[in-house]
Amino acid sequence: MIALTLERTPRDATHWSTRAMAKRSGLSQTAVSRIWRAFGLQPHRSKTFKLSKDPLFIDKVRDIVGLYLDPPDKALVLCVDEKSQIQALDRTQPVLPMRPGQVERRTHDYTRHGTTTLFAALDAKSGEILGEFHQRHRAREFRRFLVTIDAAVPAELDIHLVVDNASTHKTPSIHRWLVRHPRFHVHFTPTSGSWMNLVERWFAALTEKQLRRGVHRSTRELEAAIRRYIDITNERPKPFRWTKTADEILASVERFCHRISNSGH
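Every residue gets a number counted from 1 within its own chain, in the order that chain's sequence is written. Selection of residues for local features in this predicted model requires a pLDDT of at least 70, selection of side-chain atom pairs for listing and counting requires 80 or more, and totals for whole chains, interfaces and linings are taken over all residues. Heavy atoms from the whole structure form the basis of all side-chain values; hydrogens and water molecules are not counted.

K.L.:
Kindly report on the pattern of salt bridges, identifying the contributing residues and their values.
P.N.:
One side-chain nitrogen of Lys or Arg within 4 Å of one carboxyl oxygen of Asp or Glu is enough to make a salt bridge. For the coordinates displayed, the defined rule picks out 4 salt bridges. Its salt-bridge partner being D247, residue R62 comes within 2.8 Å of it at the nearest N-O pair. Pair noted here: R62 is in helix 3 (residues 57-69) and D247 is in helix 8 (residues 246-261), with a separation of 185 residues, a long-range link. Salt-bridge contacts for R138 lead to E141; the nearest nitrogen and oxygen are separated by 2.7 Å. Overall, R138 belongs to the partly exposed group, its relative accessible area being 27%. Comment: elements are numbered from the N terminus, with helices defined as DSSP H or I runs of at least four residues and strands as E runs of at least two. Relative accessibility decides the category of a residue: with a 1.4 Å probe and only protein chains considered, values under 20% of the type maximum give buried, values over 50% give exposed, and everything between is partly exposed.

Pasting the structure below:
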C-alpha cells in the first residue's frame, strides 16, 4: 500500500476560503477574491496576542529596555530563564535523509525517553550562554544556578538579572540568597511579557536548530546535544540587538489598544 501525503499551501487555503464565502454570499469566487485583495483581508491567517495586565508594565518596560540600550558600567546584564521539561524524543522509524529532489522525511510519532530542564543565562552584550541541567524546576535548582553564575562572573562586576515572574524566582529562600549577595540586581519582566527576555529568543533558536529535528534516545544524549549547541554559540557568539526604545514599544501598545477598543467587541 502506498500512502500519499497532501500538503495544503496558503494559496490552497485561500482558494477554499473564497469558494466557501462565494457560496455563502452569492457572489462569484472572483468577486470575493477581488474584495479581499482590495481591503487587504486574509481570513485564512490568524495570530495570537495577549496584553499584559501588570500594573507596573510601563515601569518594567522602561527598566529592562534601559538595561539593553544603555547597560550600566562595571556590570553584566544576564537574561536568565529555564526551559523546562525538554523531552528526549526518538522517532519510531529511522529518519530518511534529504536526497536530490526529496526533502528529509521522518515519522510523525515518537517514543519518549525522559525529560530534562535547562537553566540558561544569556550575556546580553556578548551573546554568550551559561547553561546548567537539572532534573527538576524548583527554587532549589534556581538557587544552585545563581551560585554557578556567581562563580562564573568576575567578582568586581555587578550582575543584573532579567527574569520572568515565575514563582521559583520569588521564594523567600531566593530573596534571602539575594540579600546575602548584594551585587545581584533582579529586574522582572512584566506579567505576560516574557518576549522582553532575550534568552527566550535563544531558546527558540535552540528548539528550531537542534531539538525539533533531533533524535535522542536518552536524556544523556539530549543534554549532550544541547551542550554542543551551547559550545557552538559560545565559539562565535552573536548578541541579539534590541532596537526599539521604551517609548516606541509603549506607543505601539497604545495604538493596538485603541484599535481593539474601537472594534465593536
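Structure shown, so let's carry the discussion forward.
K.L.:
Hey, could you go over the packing of aromatic side chains for me, with residue numbers and the actual values?
P.N.:
Pairing of aromatic rings covers Phe, Tyr and Trp, the last counted by its six-membered ring, and requires centre-to-centre distances within 6.5 Å; plane angles under 30 degrees mean stacked, over 60 mean edge-to-face, and any other angle means tilted. The full count for this structure, using the stated rule, is 5 aromatic pairs. Measuring from ring centre to ring centre gives 5.9 Å for F119 and F145, while their planes differ by 55°; the resulting arrangement is tilted. One end of the pair, F119, is in strand 2 (residues 110-123); the other, F145, is in helix 4 (residues 139-152), with 26 residues separating them in the sequence. Overall, F145 belongs to the buried group, its relative accessible area being 0%. Plain terms: the ring middles of W202 and F203 are 5.9 Å apart, the flat faces sit at 55° to each other, and that makes the pair tilted.

K.L.:
So what's going on with the sheet that holds strand 1 (residues 75-91)? Which residues, and what values?
P.N.:
Strand pairing follows a simple DSSP-based rule, namely that at least 2 bridges must link the two strands. Ordered in space as 3-2-1-4-5, the 5 strands form an open sheet in which the pairing is mixed. The open sheet has two edge strands with one neighbour each: strand 3 (129-134) and strand 5 (184-188). Averaged over all neighbouring strand pairs, the angle between strand axes comes to 30°, with direction disregarded. Inspection of the sheet shows strand 1 paired to strand 2 by 11 bridges, in the antiparallel sense. Considered in strand 2, the bridge of V80 is made with A121. Note on definitions: a residue-residue contact is assigned when non-hydrogen atoms from the two residues lie within 4.5 Å. To obtain an axis, a line is fitted to C-alpha atoms, over the contacting stretch when the element is a helix, and the angle between two such axes runs from 0 to 180 degrees between their N-to-C directions. Relative to strand 5, helix 3 is tilted by about 125°, and along the sheet it contacts strand 1, strand 4 (158-163) and strand 5.

K.L.:
Please provide a residue-by-residue account of the nonpolar core, values included.
P.N.:
Nonpolar core, defined: a set of buried Ala, Val, Leu, Ile, Met, Phe, Trp, Tyr and Cys residues in which side-chain atoms within 4.5 Å join the residues together. Core analysis: the largest hydrophobic core is formed by 33 residues, its most contacted members being V61, Y68, C79, L118, W202 and I226. Not counting residues within four places of it along the chain, the set of residues in contact with V61 comprises P190, M196, A246, I249 and L250. Counting residues in each nonpolar core, the second largest holds 18 residues, with A121, F145, I149 and V153 among its members.

K.L.:
Just give me the short version of a positive patch on the surface, but keep the residues and values in it.
P.N.:
A cluster of basic side chains, namely R201, K209, R236 and K238, defines a positive patch on the protein surface. We classify K238 as exposed; its relative accessible area is 69%. Patch membership requires over 30% relative accessible area and the absence of a salt bridge. Like charges are linked within 9 Å, and nonpolar side chains (Val, Leu, Ile, Met, Phe, Trp, Tyr) within 5 Å. Method for areas: the Shrake-Rupley scheme with a 1.4 Å probe, in which residue coverage is limited to the protein chains shown. None of His or the chain ends enter the tally, which takes Lys and Arg as positive and Asp and Glu as negative. Here the site of a charge means NZ on Lys, CZ on Arg, CG on Asp, or CD on Glu.

K.L.:
How would you summarise helix 4 if you had to cite specific residues and measurements?
P.N.:
End to end, helix 4 covers 20 Å across 14 residues, agreeing with the expected 20 Å (1.5 Å per residue, within 8%). All buried positions along helix 4 are accounted for by A139, E141, F142, F145, L146 and I149. Summarising the axial view, the buried residues of helix 4 lie within an arc of 155°, below the 170-degree limit, and thus occupy one face. Buried residues belonging to helix 4 abut strand 1, strand 2, strand 3, strand 4, helix 5 (172-180) and strand 5. Expected helix span is given by 1.5 Å per residue-to-residue step, counting one fewer step than there are residues. An arc is given here, and it is the one of the directions from the helix axis to the C-beta atoms.

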